[in-house]
Amino acid sequence: MTGFDAKTLRADFPALQQEVNGQPLIYLDNAATTQKPQAVIDALSNYYSRDNSNVHRGAHALSDRATVAFEDARKKVVQFLNAGSSKEVLWTRGTTESINLVASSYARSVLKEGDRILVSAMEHHSNIVPWQLAAQTCGAEVVAIPVSENGEVELDAYKALLDERVKLVAVGHVSNALGTVNPIREMIQLAHDAGAKILIDGAQGVPHFDVDVQALDCDFYAFSGHKMYGPTGTGVLYGKEALLEQMPPYHGGGEMIKTVSFDGTTFNELPFKFEAGTPNIGGAVGLAAAVDYLQGIDRAALAAHETALMQYAHERAAGFEGLKRIGCAKTIAGAFSFLLEGVHPADVGMLLDQQGIAVRTGDHCAQPIMKQFGIPGTVRASFALYNTREDVDALFAGLEKAKTFLL
Ligand code: PMP
């Protein structure tokens, strides 16, 4: 173990200090959304208490302050991702909107009849459906990259699929349903060798790993603020400047234009071309506070802590009668999915909740991989920086208890 101290950090999260159903809350639903540290709550509260105003066009002090805070938040994300400049970091409402932006703007305008978009068979619906919608309008086809029984992308099959028809690949950094960490470096390289662009769905990536978009050389990287200790309704799309320049606007409205006339409208420069309407200013400020919070932690030590927790959960699972792990990839992060033999996942979730343990049950917005595994869903415990071995022990004690009720 490292010098990382999850118990001390846990004290920074007010929501974790409560009891649920008469028991201290054990929060293991972090892949759905993480709790927020006081620093993020304070940043939101301070922004709305002092600086609240609209950005970019005000002629007064509050608007200047809000604009500076908003654009400083963007700079923070530029540095967080090691993007090339502020032109490459777009604010969105979350991963879902980031992917829809690329599907609507890039895929619809560039892809033609007969072109292909590859996604892995274990993607979240938000990394499948936007591509299907775009494909329907431009005549392209969405093709699934096979995933093994272990829950790993089959790289040979991926290589075989990468022919000249493939113009775009969209793949998750980490699977929210199985916890698989995909070999994205290799997948990016292979996509580029085949002449395709690639988007990484980083919703479950940034909470666990340092991400350097330039080192990765991905074309697009999408993530949500709320899964990395920031506010809901915030997200980011990183895109390479040359691609974003080439792409048509996504939404029309204020902010994204340079001039408007009935003879023809011209569009604003990056990143504003893609940011129509009043943005989530407070949310951006809160997300920047979450980045600060994460960067105040030794991220290598954090990753080691989370890996140790996952390994411990899998060890405990291996010795737990009647528990079947769903997805056992070699490299895993965040999410631990399983079934108790003979018990519906929803019943397990309910009995854990009665003991103050929060997990998620169901298909985790990944119906295709559930269908492949022939299951309706799983129970998913997912970990964040404030979880401890004691939380894993509580989960297994809770499962023992649930078994006595259910079997
Ligand atoms: N992709 C993955 C891998 C996810 O886990 C999620 C959230 N569960 C999303 C996309 C969608 O994120 P959001 O709902 O924040 O837009």
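Residues numbered from 1 in each chain as written. Predicted model: local features only at pLDDT ≥ 70, side-chain atom pairs only at ≥ 80, totals over all residues. Heavy atoms only, no water.

(A) Fine view of the confidence of the model for the chain. Here the chain averages 96 in pLDDT, while 99% of its residues score no lower than 70. ipTM for the predicted complex: 0.99, alongside a pTM of 0.98. (pLDDT = per-residue confidence, 0-100.)

(B) Here's a closer look at the packing of helix 3 (residues 61-81) against helix 10 (residues 281-295). Contact geometry of helix 3 with helix 10 gives a least axis separation of 9 Å together with a crossing angle of 40°. If you check the angle between helix 3 and helix 10, you find them oblique. The element helix 3 and its partner helix 10 pack so that their crossing is left-handed. Where helix 3 approaches helix 10, its residues Ala66, Ala69, Phe70, Ala73, Lys76, Gln79 and Phe80 are matched on the opposing element by Ile281, Ala284, Val285, Ala288, Val291, Asp292, Leu294 and Gln295. Each residue belonging to the contact of helix 3 with helix 10 can be placed in one class, and the counts come to 11 nonpolar, two polar and two charged. (Axes fitted to C-alpha atoms, helices over the stretch in contact; angles between N-to-C directions. Helix = DSSP H or I, 4+ residues; strand = E, 2+ residues; numbered from the N terminus. Parallel < 35°, antiparallel > 145°, perpendicular 65-115°, else oblique. Left-handed = near helix turned anticlockwise from the far one by under 90°. Contact = heavy atoms within 4.5 Å. Nonpolar A, V, L, I, M, F, W, Y, C, P; charged D, E, K, R; others polar.)

(C) Fine view of the site of the ligand. What surrounds the ligand is the set Gly94, Thr95, Thr96, His124, Ser126, Asn176, Asp201, Ala203, Gln204, Ser224, His226 and Lys227. For the ligand, an oxygen atom lies 2.6 Å from a polar atom in the side chain of glutamine 204. Compared with its free state, where it exposes 400 Å², the ligand has 84% of that area covered by protein. In terms of residue class, the shell around the ligand is built from one nonpolar, nine polar and two charged. (Near = heavy atom within 4 Å. Polar contact = N/O pair within 3.5 Å; in protein donor to acceptor, adjacent residues only side chain to side chain. Areas by Shrake-Rupley, 256 points an atom, 1.4 Å probe, with all protein chains shown as cover.)

(D) The arrangement of the sheet that holds strand 4 (residues 89-92) in detail. The strand order 4-10-9-8-7-5-6 describes an open sheet built from seven strands, whose pairing is mixed. With partners counted over all chains shown, the strands left at the sheet margins are strand 4 and strand 6 (141-145), one partner each. Within the sheet, the average angular offset between the axes of one strand and its neighbour, ignoring direction, is 20°. Where strand 7 (residues 166-172) and strand 8 (residues 197-201) come together, five bridges link them in parallel fashion. Its bridge partner lying in strand 8, leucine 168 is registered against lysine 197. Contacts from helix 4 (residues 95-110) reach strand 4, strand 7, strand 8, strand 9 (220-224) and strand 10 (235-239) within the one sheet, and its direction differs from that of strand 9 by about 150°. (Pairing = 2+ DSSP bridges.)

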